[in-house]
Amino acid sequence: MILLMFLLWSVCLVHVESLTVSDFYPFGVDHGDTTMAANDDGSSPNIPISTKFPFFNHQHEKLIVSTNGAISFLIPVNQYTPTPFPLGGDRRLITPFWGDVDTTRGGHVRYRETTDPEILERVSNEIRAYFPEFYRFHAAWVFIATWDNVAFYGCSPTGCLKRNTFQAVLITNGQHSFTIFNYANIVWTTGTASGGNAETGLGGTPAQVGFNAGDGKVYYAVNGSRTADIVNINRKSNVDIPGKFVFRIDSSEIGGGGCNTEGNVIITPRSGPMFGGQHLTFSGPCIEEYTSFKVKFSNTRYTLRCEKDSPYSFYCITPPFDSAGDVQVDIILANENKTKTFSGKYTILNPAFSKVLVNRQNGNSWGNDEHNISWNENVKELQNTSTVDIYVYKIKEEKGEIKLNPFIAKMNVTNSIAWMTFSLKMTEQVAIIRVTSRVETAFKMPQRGIWSDVFPLTPSKAEAKRLCKNWIEKERTFTKLNVAEPCPCTLQQALLDIVKYQPDPDCNMLHVGAEGRGNCRYRRDAQHCVRLTLPSEDGTDNVCCFNEQGNLIDSRSHEGGTQQRYHYRGDNHNNMPYVTNFCMDVVPFLHCCRFSQTSLNETSDEDETYSLCQDFLTLRRYSSCENYDPPKPARTSGDPHITTLDGLSYTFNGAGEFVYIYMEDDLFKSQIRFEQFRKVDGSLVKATVATAVVMEYENSSDCIEIRLNSIRTADVLRNGELLDFQDSRWLNVKGATIVSLPTKGNNTGKSLMIMFQDIKIAFSIEASKDILNVMPVVQGKELNGTLKGLRGNYDGSPLNDLMFSTHQQFQQNETDDSFIFEFGMSWAINETESMFTYEPGKSFSDYHQPSFRPVFESSVSVTEEVRAVCGEDKDCIFDFSVTGSRDVAEQSRTFQKQFQESQKAAVVVLTCSDLPTVPDGAWESTNGNLENSSAVFVCGNGYIVLSSVNNVTCRNGIWEPQGNASCIKNGTDLYTSSTTMSTPAYSTSSDVSVYIGVGVGILLIIIILLTISFLLIRNRQRSGGFSIFARSTNLTKPDDADDHITELSPLQTDLEQKSFSESPSK
């Protein structure tokens, strides 16, 4: 396949002849250049470069400068007559002017690499100007090659006076790369050996300008190449500067800078904060003089005026939004009587995922006193302004809606200081800070600025109690929440379950969410929390948190998760994403269960010191994992080793594109691509690895594709468009959530999670430079027996997983490798079925290889090196032996271990029922409700244990021994019931002894306790276990009790009836 690409927007500019040498980047011996000896058709030696240079989706560590106006990366180019692109034979070329140069007749070829700060700054400014979407670009390395005053081959004495001067500048930051071509004098195009005239240097086969991938398919040629018109290249441009061309060259599709008369608008950044104030750049269309610009976002009712930013772009400031997600942007360009409209897409980020640019120092506790903030003064929103204003936005709920009311904390702050101390004085309990630019514009625009995180103010203890009581009183007027979804029982189950749950952006060990926020700031006993992927039927959320030991945290005793009335993603106009949840669920939890509390080592005489949090938990249920059913994982790793959802393992190493997971009705589809493995030296082996996977839930989601990329490790595409995770690692797209996890240490791999919330199918993907390892995760009985493809049918039985696409059943006694291979090949797709996108120069036929036959597992021999790396791991042994790659083998082994942990987590664990809620006390468990966990009953400060049993163990799903447990206030008449409820902050059993006297008082207490024991036994026989002396809880569960219901004391039951009977809806 030949891909012909021309620079359509190159135009002849006659008002300026060309650049001059003074416009070039400095060159010559004085600047450290190497000068090649005079030669004809020669080349430099291999030039090692200090930074890998990305070009046509390949990384390069060396290059070669050719006398004939070219730079190559794989082999020298001594050919003097330019052959038309595309070229194969590893001729990977950058050709600023490929013609027959002869420096023995005059001129010099010079080159150098540089990291000089002035040069780096200059090229960075140029790239940012010509490519507005790369406004963050900072060059790390530059290579400058200059053909200075060079003559052509075969020139006559007169012809040798005609000289060309041109320059190629290669630029990269390690990930993206660009080239600048500068042209001064261009007066000849052809040497005489190419049919040119010795006097004029014209005619014959003229020079060629462009780029060639070396695969015989992909290339880029500037219009006029190999024609007589190429002599005018110094009067043309793609950036409106005659004699200058600028290209982005790291990917398989070469991109020009500047503007164009046709095509799409590029919106930069593609996503931004919900609170607005972002500097949004629009580029692509050429901007004529006197053009006006307007922009309309589909979810707002007004049109914004915009301002010209450069000859290639204009900008707007985003308004505040009250929702998150993708919106259409209409861009209207008007000039005289002509109006042209373009459309694009912009993603409004949930504050949970938006990058925090204003950092609150010591942000865990902010009250009405002095505080410090810092910010990055160089962000786009604060450029071109020397001073800024500091705004504090007070956030509060009014009549069911969230309101943001700003006030100025500081004015005329020097931006370059990037630090400010100011005092907070406000009665509202939630706020957000904005550093606001003071730049002036020609007309009114939304204010530009950057934001802090949404944060709570820390009130006094007395104020926290008042706020908590007010919230409880108001909350009791709302409809009672339905029973929450059960939480995962263990941390491993929480990490596996990316179907029903997602990592909590505010608290997770994966470090995904809004960068700049403190992790687990609002769940300080947790190391990892998860939240429901989608709201429950009543719109609620459920937060499940796990401690350092990996156990589910019971919020009655520690700061863990609870049910929440508002889902953090938002769902309607009464639920602003993140903010409503924060104000109405997170902050009340802090008021009732943290700010109003007395610490364990602090004594207090106040009756209600511990009651408020337990009151809160009657309205926001604590986390429980009763009846939790984990999802099922599958895997594809190494030279593809496959384990189905029902647990059958086999190896299939075909080459092509295959049905991975389909629903029987084809509503959900996932395909996977296996390619032959290529060694470091470029040779192919008879083994395959996964290199791409694509998935879509028809009519309900975008099409998501993940494919390897030699520069960026892996690319994520949505409907064929490359996604950018620079502004947020967490993107919510139509019907799916995509999370790009941060890499650890020097790891160059990439970890991704793709979650289809409506169908309960998700994928966890580990990518390296050579291979994709994929773990699908499926949950839901409604999918049982409805799937097909390489992953099996998910009916609970592995015996029928190897079903051919023709519905022929694979017989388990047929274990021949070739038979399994034929089974896998039956699921190969055809070209019309393919969901994949293909890079320029690639098509379905490049991957479809039905005649390929691999090395089968039974034929592998094991060397000592393989055994040393893999031990007895059969998959690792096979991968190392066949691919010869230690990296692939180790990655396969690591992923296999991760999968085995996931398989263990997929087993339903044996648990006991939740331990009962006890006023003024709690059960401290060693391992949650899991089998063999022990629990100790303790009371809060100022209370003593009054119990027939205070140590229990979970055995065979039952807590033993059974009995009563209660707390009584120290000094209270034993015949008088305590009248307050306590919080889950407790002293230990040893602490209780502090409140029992010493000396002869001990004897008195013993006598009293003996009497109480007698009365408890008698009372239990009469009333089912509830004590008449103090509120207590019976650990014996009635035979007819529902497994989901925790037993309540009479007082608690009465409170709930009063709270929720005949209460109006919200």
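Quick caveat: nothing in here was measured; it's all calculated off a predicted structure. (Residues numbered from 1 in each chain as written. Predicted model: local features only at pLDDT ≥ 70, side-chain atom pairs only at ≥ 80, totals over all residues. Heavy atoms only, no water.)

## Section: the overall build of the protein chain
Check the secondary structure of the protein chain and you find 12 helices and 58 strands. Taking contacts inside the protein chain between residues at least 6 apart in sequence as the whole, the part at least 24 apart equals 65%. Of the roughly 43800 Å² of accessible surface on the protein chain, a fraction of 49% belongs to carbon and sulfur atoms. (Helix = DSSP H or I, 4+ residues; strand = E, 2+ residues; numbered from the N terminus. Contact = heavy atoms within 4.5 Å. Areas by Shrake-Rupley, 256 points an atom, 1.4 Å probe, with all protein chains shown as cover.)

## Examining the sheet that holds strand 45 (residues 721-722)
Spatially, the 7 strands line up as an open sheet ordered 45-44-43-42-41-40-51, and their pairing is antiparallel. Two strands lie at the open edges of the sheet, namely strand 45 and strand 51 (787-788), each paired on one side alone. Examined bridge by bridge, strand 40 (residues 656-663) and strand 51 share 2 bridges and lie antiparallel to one another. Residue pairing across strands places Tyr-662 opposite Lys-788, the latter belonging to strand 51. The strands that helix 8 (residues 874-883) touches are strand 41 (668-678) and strand 42 (684-697); relative to strand 42, the one it contacts most, it runs at about 120°. (Pairing = 2+ DSSP bridges. Axes fitted to C-alpha atoms, helices over the stretch in contact; angles between N-to-C directions.)

## Section: the packing of aromatic side chains
A full pass over the atoms with the stated rule returns 55 aromatic pairs. Geometrically, the ring pair formed by Phe-134 and Phe-178 is edge-to-face, given 5.3 Å between the ring centres and 85° between the ring planes. One end of the pair, Phe-134, is in the loop between helix 1 (117-130) and strand 8 (141-150); the other, Phe-178, is in strand 10 (residues 177-183), with 44 residues separating them in the sequence. Given a relative accessible area of 0%, Phe-178 falls into the buried group. Taking the centre distance of 5.2 Å and the plane angle of 10° together, the rings of Phe-282 and Phe-314 count as stacked. (Phe/Tyr/Trp six-rings, centres within 6.5 Å; stacked < 30°, edge-to-face > 60°. Buried < 20%, exposed > 50% of the residue type's maximum accessible area, 1.4 Å probe, protein only.)

## Comments concerning the state of the cysteines
Inspection of every chain in the model, using the stated rule, returns 11 disulfides. Across the disulfide from Cys-870 sits Cys-876; the S-S distance is 2.0 Å. Measuring the twist about the S-S bond at about -65°, one finds the Cys-870-Cys-876 disulfide to be left-handed. Here Cys-870 and Cys-876 have matching classes, each one buried. With its sulfur 1.9 Å from that of its partner, Cys-939 forms a disulfide with Cys-967. Since a negative S-S torsion denotes a left-handed disulfide, the Cys-939-Cys-967 link at about -95° is left-handed. (Disulfide = S-S within 2.5 Å.)

## Regarding helix 6 (residues 817-825)
Considered for burial, the residues of helix 6 that qualify are Ile-820, Phe-821, Phe-823, Gly-824 and Met-825. For helix 6, the elements touching its buried residues are strand 39 (649-651) and strand 40.

## Topic: the pairing of strand 48 (residues 750-756)
For strand 48, the buried fraction is high: 6 of the 7 residues fall into the buried class. As judged from the 5 bridges shared by strand 47 (residues 736-741) and strand 48, these two strands associate in the antiparallel manner. Each residue of the ladder has a partner; that of Ile-738, found in strand 48, is Ile-754. In terms of strand pairing, strand 48 meets strand 49 (residues 761-767) through 7 bridges, oriented antiparallel. Considered in strand 49, the bridge of Ser-751 is made with Glu-766. Where strand 48 folds back on strand 49, the antiparallel hairpin that results is connected by 4 residues, among which Lys-760 adopts a positive phi of roughly 60°.

## Re the pairing of strand 8
In terms of residue burial, strand 8 counts as a mostly covered element, since 9 of its 10 residues are buried. Across 7 bridges, the pairing between strand 7 (residues 108-114) and strand 8 is antiparallel. Looking at the pairing, Arg-110 lines up with Thr-146 of strand 8. Examined bridge by bridge, strand 8 and strand 9 (residues 164-172) share 8 bridges and lie antiparallel to one another.

## Concerning the confidence of the model for the protein chain
Here the protein chain averages 85 in pLDDT, and 86% of its residues register 70 or above. Throughout residues 975-1007 the model reports pLDDT below 50, and contacts reaching past four residues in sequence, or to other chains, amount to 78 contacts. The model gives residues 1012-1066 a pLDDT under 50, and that stretch makes 105 contacts with residues more than four places away or in other chains. (pLDDT = per-residue confidence, 0-100.)

## Some points on the nonpolar core
Core analysis: the largest hydrophobic core is formed by 91 residues, its most contacted members being Phe-282, Ile-373, Trp-375 and Ile-390. Counting residues per element, this core draws most heavily on helix 4 (residues 579-595), which supplies 11 residues. If we ignore the near neighbours within four places in the chain, the residues touching Ile-390 are Ile-373, Trp-375, Phe-407, Ile-408, Ala-409, Lys-410, Val-413, Met-420, Phe-422, Ile-433, Arg-434 and Val-435. Among the nonpolar cores identified, the runner-up in size contains 55 residues, and Leu-349, Leu-731, Ile-765 and Val-774 belong to it. (Core = buried A, V, L, I, M, F, W, Y, C linked by side-chain atoms within 4.5 Å.)

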